[in-house]
Each structure stands twice: as C-alpha cells, then as structure tokens.
Amino acid sequence: MRQFTAVVNPTAGGSQGAAALIPLARLLRDAGATLEVEYSRGLDHARTLAHQAAEQGRVVLGVGGDGMAGCVAGALAGSDAVVGIVPAGRGNDFARALRLPTEPAALAELLLHGTPRKVDAIEVESAVHQRRAVLGSVYAGVDAVANRHANASRLLHGAASYYMGGLRAILTWRAAHYRLTVDGTLHEREGYTVVAANSGYYGFGRRIAPDAAVDDGLLDVVVIRDAPRPLFFSVMNELKDGRHVHRPQVEVLRGREIRIEADRPLPYGADGEVEATLPVTARVLPAALTVLA
C-alpha cells in the first residue's frame, strides 16, 4: 500500500486547499494507506518538504492550485519520486491537462491504484531563477500583468479575479516588441503576450495551446500579436475552446528551448505565479516527472 505525504498550501483557492484534503485523506486512510500532512509556509518551504518526503520513498501530493502543483512537482523533476496532484486552487490547469478527477472518491482511487506515467516539465532560467523546474507554462506579457492583479485581489476569487485582472491589464496595455529565440532561430514580433506551453491550459481553463501535449518533448510557443482591443477581446473569448489559433493574429511555434526578451521590463509568470521580469529562458525537460495521472 502506498505511503503519502501531502504538502498543502493552506491559502490556496481562498483556503480551499486544506478543506479539499479532508475527505480525500479519510478515503486514503480507510483504504489502508498512510498519509502525513505538511503545511507549507511558502513555495520555498514547500520544495523543502517535497524533497524530504521523496527521500523517505513516499508519494508526494501537491495540494493546492497551479502554483503549488508546479512547486512540489517541479522540485522533484528529474528524480525517481512519484508525485500526485490534488487540485484545490483557482486555476488547476495542469491537473486539467492530465484529466485528473476532482471528486474525492475518484481521485483517491487514482492515487491508490493508478499507474505512474512520465510527463515533461519546463526548466526556467533567468537572472532571478537559476534553472528551476515548473509544469504548465511560462508566459510573458499582458497575461502576466493580469495574473499579478488577480493574485493581489482581496475582494474577488476564482474566475472573477482572473476576469477583472485581465480587463484591468488589457485596458492599460501597449504593444511590446518581443525577441523570441526558438531553438536558435530569432523571431521578432509586436504583440500582447508570448506563452511557452507544456500544458494546453492556463489562466483558469483557457486553452491557450490546444495542440500541446505534456509528453511530446516540445513546447508550443503561442504568440498573440498586436491587434485593436475589440479584436483582442474576441481572441480572448476564443481561448475557451482554442479557436483563437486559427486567427492571423495568433502564431504557434514549436521547439525545445525559447528565450523571451522584450523592449521594456515586462513581467513573466510560471504556473500561475508571477515571478520576475524578462528576459527568461524556458526549455523542455522530457519525461522528467513521474506522476499519478
């Protein structure tokens, strides 16, 4: 029977992370599994807890949203550790890409008896981060600004915080000039954002890269070029089902490594967390993570 350590973000989804673990923990223990629960004081502490649990041979569960999933799983990328994700945050986009159940009984069954599979991760390198792994996507532009607003929101939660954060960011946005180096080839573009996607989803279920696969050894690089704001809002609406990729204002490149630079200090984010400012390099880590999915 598997032994689990759950690393919990106690504030994920407006404190839903800890609450989501209660019925799941009961089901795991009733089935005979052992479960230890560790509450993180922040992302660095969560990485430490994940390493400690993995060293003991335990299955490490990241409980929270994309930030916690990316933090815990990213910390163990490249190791033999087995990771499980308990979606309990606002976005849960990497869990969505893995088609993880959210209902406790189905999730418990997967964690207890599921066969581990190998998936890719993303290595992020910048002046701030020296080669740290994340899971879903690295994005730079209006979406990183919007996510910063959403994370700072105290009155709105879930999709509402993303919507208002996005509206605020778009209304004040001016086109950025990007220099994108994809596998050594330079592309210069004017636009709203660049997303290096391992997962097809980001930003609370939006299908930013509908053809992305978590196990193909490649990143889908989505560029949303400059356009009038009304047209950009149409593009954003089409993110719900991925139709935006058919518009001429949207370009999709593919590669193993991308460096993103801009003509001004734009923020970039990874797995729902706004990290720092450009430039940043993202490279795929093929089959780096063993996950129950």
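Note that the structure is a prediction, hence the values are computed from the model and not measured.

Criteria and thresholds
Residues numbered from 1 in each chain as written. Predicted model: local features only at pLDDT ≥ 70, side-chain atom pairs only at ≥ 80, totals over all residues. Heavy atoms only, no water. Buried < 20%, exposed > 50% of the residue type's maximum accessible area, 1.4 Å probe, protein only. Helix = DSSP H or I, 4+ residues; strand = E, 2+ residues; numbered from the N terminus. Pairing = 2+ DSSP bridges. Right-handed = clockwise from strand over helix to strand, strands pointing away. Core = buried A, V, L, I, M, F, W, Y, C linked by side-chain atoms within 4.5 Å. Contact = heavy atoms within 4.5 Å. Salt bridge = Lys/Arg side-chain N within 4 Å of Asp/Glu carboxyl O. Phe/Tyr/Trp six-rings, centres within 6.5 Å; stacked < 30°, edge-to-face > 60°. Lys NZ or Arg CZ within 6 Å of the ring centre and 35° of its normal. Polar contact = N/O pair within 3.5 Å; in protein donor to acceptor, adjacent residues only side chain to side chain. Expected span 1.5 Å × (residues − 1). Axes fitted to C-alpha atoms, helices over the stretch in contact; angles between N-to-C directions. Parallel < 35°, antiparallel > 145°, perpendicular 65-115°, else oblique. Left-handed = near helix turned anticlockwise from the far one by under 90°. Nonpolar A, V, L, I, M, F, W, Y, C, P; charged D, E, K, R; others polar.

Draft legend 1. Spatial organisation of the pairing of strand S3 (residues 59-64). In terms of burial, S3 is largely enclosed, as 6 of its 6 residues are buried. Residues Val-59, Leu-61 and Val-63 point to one face of S3 and Val-60, Gly-62 and Gly-64 to the other, with burial holding for every one of them. Across 5 bridges, the pairing between S3 and strand S4 (residues 82-87) is parallel. Bridge pairing in S4 places Gly-62 opposite Ile-85. In this view, the connection linking S3 to its parallel neighbour S4 by way of helix H3 (residues 66-76) has right-handed handedness.

Draft legend 2. Looking closely at the nonpolar core. One finds Val-138, Tyr-178, Ile-258 and Ile-260 to be the most contacted residues of the largest nonpolar core, which totals 47 residues. When neighbours within four sequence positions are excluded, Ile-258 is seen to be in contact with Thr-181, Val-182, Val-194, Ala-196, Leu-219, Val-221, Val-280, Thr-281 and Ala-282.

Draft legend 3. Molecular detail of the pattern of salt bridges. Under the defined criterion, the tally for this structure stands at 17 salt bridges. We note a salt bridge from Glu-251 to Arg-189, for which the minimum N-O separation is 2.6 Å. Linking Glu-251 in strand S11 (residues 250-255) with Arg-189 in strand S9 (residues 185-197), this pair joins segments that are 62 residues apart in sequence. The buried category is assigned to Arg-189, whose relative accessible area is 19%. For Glu-251, the salt bridge goes to Arg-225, with nearest N and O atoms at 2.8 Å. Taken together, the positions of Glu-251 in strand S11 and Arg-225 in strand S10 (residues 219-225) put the pair 26 residues apart, joining distant regions of the chain. What makes Glu-251 buried here is its relative accessible area of 14%. A relative accessible area of 29% places Arg-225 in the partly exposed class. Through salt bridges that share partners, Glu-123, Glu-125, Arg-131, Glu-257 and Arg-283 make up one connected network.

Draft legend 4. Local environment of the packing of aromatic side chains. Summed over all chains, the structure comprises 3 aromatic pairs. Ring centres 6.5 Å apart and planes at 20° place the aromatic pair Trp-173 and Tyr-192 in the stacked group. Here Trp-173 is found in the loop between helix H7 (158-171) and strand S8 (176-182), whereas its partner Tyr-192 is found in strand S9, with 19 residues between them in sequence. We note that Trp-173, like Tyr-192, is buried. Aromatic pair Tyr-192 and Phe-232: ring centres 3.7 Å apart, planes at 10°, arrangement stacked. Here Phe-232 lies in helix H8 (residues 229-238) and Tyr-192 lies in strand S9, a separation of 40 residues in the sequence. Per residue, the accessibility class of Tyr-192 equals that of Phe-232, and both read buried. Ring-pair connections join several aromatic residues into one group, and the members of that group are Trp-173, Tyr-192 and Phe-232. In this arrangement the basic side chain of Arg-96 is found over the ring face of Tyr-201, its NZ or CZ atom lying 5.9 Å from the centre.

Draft legend 5. Region of the structure containing the environment of Arg-179. Tracing the backbone shows Arg-179 in strand S8. Taking relative accessible area as the criterion, Arg-179 reaches 34% and is therefore assigned partly exposed. Along the backbone, Arg-179 and Arg-259 are 80 residues apart, and their C-alpha atoms lie at a distance of 7.9 Å.

Draft legend 6. Just helix H5 (residues 104-113), in detail. All of the buried residues along H5 are Leu-107, Ala-108, Leu-110, Leu-111 and Leu-112. Sitting at the head of H5, Glu-103 places a side-chain oxygen 3.0 Å from the backbone nitrogen of Ala-105.

Draft legend 7. Representation of the environment of Ala-276. Position of Ala-276 among the secondary structure elements: in strand S14 (residues 273-277). Beyond its immediate chain neighbours, meaning those up to four positions away, Ala-276 contacts Val-128, Leu-266, Pro-267 and Tyr-268.

Draft legend 8. Structural context of helix H2 (residues 43-55). For H2, spanning 13 residues, the distance from its first C-alpha to its last is 19 Å, which sits close to the expected 18 Å at 1.5 Å a residue. Among the residues making up H2, those that are buried are His-45, Ala-46, Arg-47, Leu-49, Ala-50 and Ala-53. Contacts made by the buried residues of H2 are with strand S1 (3-8), strand S2 (34-39), S3, H3 and strand S6 (132-134).

Draft legend 9. View of the packing of H2 against H3. Running from amino to carboxyl end, H2 crosses H3 at an angle of 45°, the nearest separation of the two axes being 9 Å. The angle between the axes of H2 and H3 places the two elements in the oblique class. Once H2 is placed against H3, the crossing between them reads as right-handed. Counting all contacts with H2, which are made through Leu-43, Ala-46, Arg-47, Ala-50, His-51 and Ala-54, the residues of H3 involved are Gly-67, Met-68, Cys-71, Val-72, Ala-75 and Leu-76. When its residues are assigned to classes, the contact of H2 with H3 shows 9 nonpolar, 2 polar and 1 charged.

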